[in-house]
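# Working through the structure, step by step
Residue strings, one per chain:
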Number of protein chains: 2
Amino acid sequence: MTIRYPNGNAYQAPTAKTGPKFPSTYTNYGKRGMTLEEELNESNTYYETNGVAVVHKKPTPIRIVKVDYPKRSAAVIKEAYFSTASTTDYNGVYQGHYLDFDAKETRNKGSFPLKNFHQHQIDHMRACTAQGGICFAIIKFVERQEVFLYRATDLFTFWDEQTRGGRKSIPYSEIAAHGINIPVGLQPPIPYLKAVDQLL
Amino acid sequence: MTIRYPNGNAYQAPTAKTGPKFPSTYTNYGKRGMTLEEELNESNTYYETNGVAVVHKKPTPIRIVKVDYPKRSAAVIKEAYFSTASTTDYNGVYQGHYLDFDAKETRNKGSFPLKNFHQHQIDHMRACTAQGGICFAIIKFVERQEVFLYRATDLFTFWDEQTRGGRKSIPYSEIAAHGINIPVGLQPPIPYLKAVDQLL
């Protein structure tokens, strides 16, 4: 039986993956176990509710093969497959600026593996950058409990070097030096717009 | 057996719904039968390929209930339902501007029924407008073969009047007078950015 929280979300017993990610001195027990995506969705809801920005995660693209239309009920999708997005996951508008980003987390401590990105996401961020959009990645080092905004233009440099036989990851030291640290908060959990302000 | 075009799209025998929608004097036989969504997707591909703008339709949101993970095959979604989007369908970036819009078609000749919009889409466009985004509707009068860009701020006026007991549709004459006509083309099929230029 699925046990549910009052908000309808299913309870998941904490595991190494979903369990507390904060040092024991961190007392916000209500937030422990949130994935980066959940933290960003909550941050975006906070931002929109407070009139700060309008940013949404795009739905996962699904290729639908078979749909049943039962009488007097909602259509049921009976066969479908996950497909690959042609864009990044998040976009929106902030003080007249177009924002476009992807969020990735790694359990590595020393570097961020570039295989977390796909060519089409890089292509999309390049095209948006060329149109004057503000593009970046939000990278979370889970074990370190550190979150960074890393500019798309810096990401492009490492991506291009990789395709020419360069290293397959971005060192943590590079991201810490040239990215913008986002101090993890409560409300919003990931106040990334403070980091975006430094790009404007 | 599904017959496919060289581009992989399935052939659909024309019906009253999918068949030719243009007067017989219209000679662009290659395009006949495209829905407004298909025309916009093709326009957006044209715009992106030519470095003019980056605009995408968001995937349809799906609530997934059951997924099978067969060994050595892709995950198969076995039960899922269509859910309601919390945003409009299209957004992107054009010359540094955030664009946000929905596309609707009606077979009515005399007016555009407001029931084509939902409260959350109106709310979303209001929030984006407040952030400096450029928000509008693309409205196609199918029988007239006319397409208009209609400003979100004008749409809000009619929407608010409706909620106070006003009329449930926007007269064609109003849209023709205050909207911006988009002359239907070949490449792109719906050159809506020319109309957007008049909003900048």
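Residues numbered from 1 in each chain as written. Chains lettered and ligands numbered in written order. Predicted model: local features only at pLDDT ≥ 70, side-chain atom pairs only at ≥ 80, totals over all residues. Heavy atoms only, no water.

Rule in force here: UniProt positions are given in the numbering used here, feature names are shortened, and annotations may be inferred rather than shown by experiment.
By the naming in an unreviewed UniProt entry, chain A is Holliday junction resolvase RecU, taken from Levilactobacillus koreensis. As its UniProt record puts it under Subcellular location (unreviewed entry), chain A is described as follows: "Cytoplasm". What UniProt records for chain A under Sequence similarities (unreviewed entry) is the sentence "Belongs to the RecU family."

### Considering helix α1 (residues 36–49) of chain A
Residues and elements named next belong to chain A. Inclusion rule: In DSSP terms, a helix is any run of H or I states spanning at least four residues, a strand is any run of E spanning at least two, and both are numbered starting from the N terminus. Here a helix's expected span is defined as the number of its residues, less one, multiplied by 1.5 Å. Exposure categories follow from relative accessible area, calculated using a 1.4 Å probe and restricted to protein chains: below 20% of the type maximum is buried, above 50% is exposed, and the middle band is partly exposed. This arc corresponds to the set of directions leading from the helix axis out to the C-beta atoms. Any two residues having at least one pair of non-hydrogen atoms within 4.5 Å are treated as being in contact.
Here α1 spans 20 Å end to end across 14 residues, near enough to the 20 Å set by a 1.5 Å rise per residue. Residues of α1 that are buried include every one of Leu-36, Glu-39, Leu-40, Ser-43, Asn-44 and Tyr-47, and no others. The arc that holds the buried residues of α1, viewed along the axis, is 135°, so those residues lie on one side. Elements in contact with the buried residues of α1: β1 (54–57), β4 (90–94), β5 (97–106), β7 (134–141) and α5 (192–197).

### As for the relation of the copies chain A and chain B
The line we're drawing: We place the copies in one frame by least squares, fitting the C-alpha atoms of every residue whose pLDDT is at least 70 in both.
In screw terms, the move from chain A to chain B is a rotation of 180° and a rise of 0.0 Å along the axis, fitting with an RMSD of 0.0 Å. Between the two chains, the operation in question is that of a two-fold axis. Here 100% of the interface residues in chain A have copies in chain B that are interface residues too; the copies meet face to matching face.

### Focus on the environment of Leu200(B)
Looking at the element boundaries, Leu200(B) is found in the segment after α5 (192–197). As for Leu200(B) and His97(B), which are separated by 103 residues in sequence, their C-alpha atoms are 8.7 Å apart.

### Observations regarding a positive patch on the surface
The line we're drawing: Any residue with relative accessible area above 30% and no salt bridge may belong to a patch, with like charges joined within 9 Å and the nonpolar Val, Leu, Ile, Met, Phe, Trp and Tyr side chains within 5 Å. Here the accessible surface of atoms and residues is derived via Shrake-Rupley with a 1.4 Å probe, and residues count as covered only by protein chains that are part of the display. Definition used for salt bridges: Asp or Glu carboxyl oxygen within 4 Å of a side-chain nitrogen of Lys or Arg. When charges are counted, neither His nor the chain ends are considered; positive counts come from Lys and Arg and negative counts from Asp and Glu. Every charge is mapped onto a representative atom, which is NZ of Lys, CZ of Arg, CG of Asp or CD of Glu.
The grouping of Lys66(A), Lys78(A), Lys66(B) and Lys78(B) at the surface amounts to a positive patch. As for its position among the elements, Lys78(A) is in strand β3 (residues 76–82).

### Things to note about the pairing of strand β8 (residues 146–151) of chain A
Residue and element names in this part refer to chain A. Put simply, the rule reads: Pairing between two strands is assigned when DSSP locates at least 2 bridges connecting them.
Where β7 meets β8, six bridges bridge the pair, whose relative direction is antiparallel. The partner of Phe-136 across the bridge, within β8, is Arg-151. Linking two consecutive strands that pair antiparallel, namely β7 and β8, is a turn of four residues; a positive phi of about 55° is found at Gln-145 within it. Pairing between β8 and strand β10 (residues 180–181): two bridges, direction antiparallel. Bridge pairing in β10 links Phe-148 to Asn-181.

### Brief notes about the sheet that holds strand β5 (residues 97–106) of chain B
Residue and element names in this part refer to chain B. This is how the line gets drawn: To get an axis, fit a line to the C-alpha atoms, keeping to the stretch in contact for a helix; angles then go from 0 to 180 degrees between the N-to-C directions.
Overall, mixed pairing links the six strands, which are arranged β1-β4-β5-β7-β8-β10 in an open sheet. Each end of this open sheet is capped by a strand with a single partner; those strands are β1 (54–57) and β10 (180–181). Relative to strand β7 (residues 134–141), β5 runs parallel, the two being bridged by eight bridges. Residue pairing across strands places Thr-106 opposite Phe-141, the latter belonging to β7. Along the sheet, helix α2 (residues 119–130) makes contact with β5 and β7, crossing β5 at roughly 155°. Relative to the sheet, helix α3 (residues 152–163) contacts β7 and β8 (146–151), its axis offset from that of β8 by approximately 85°.

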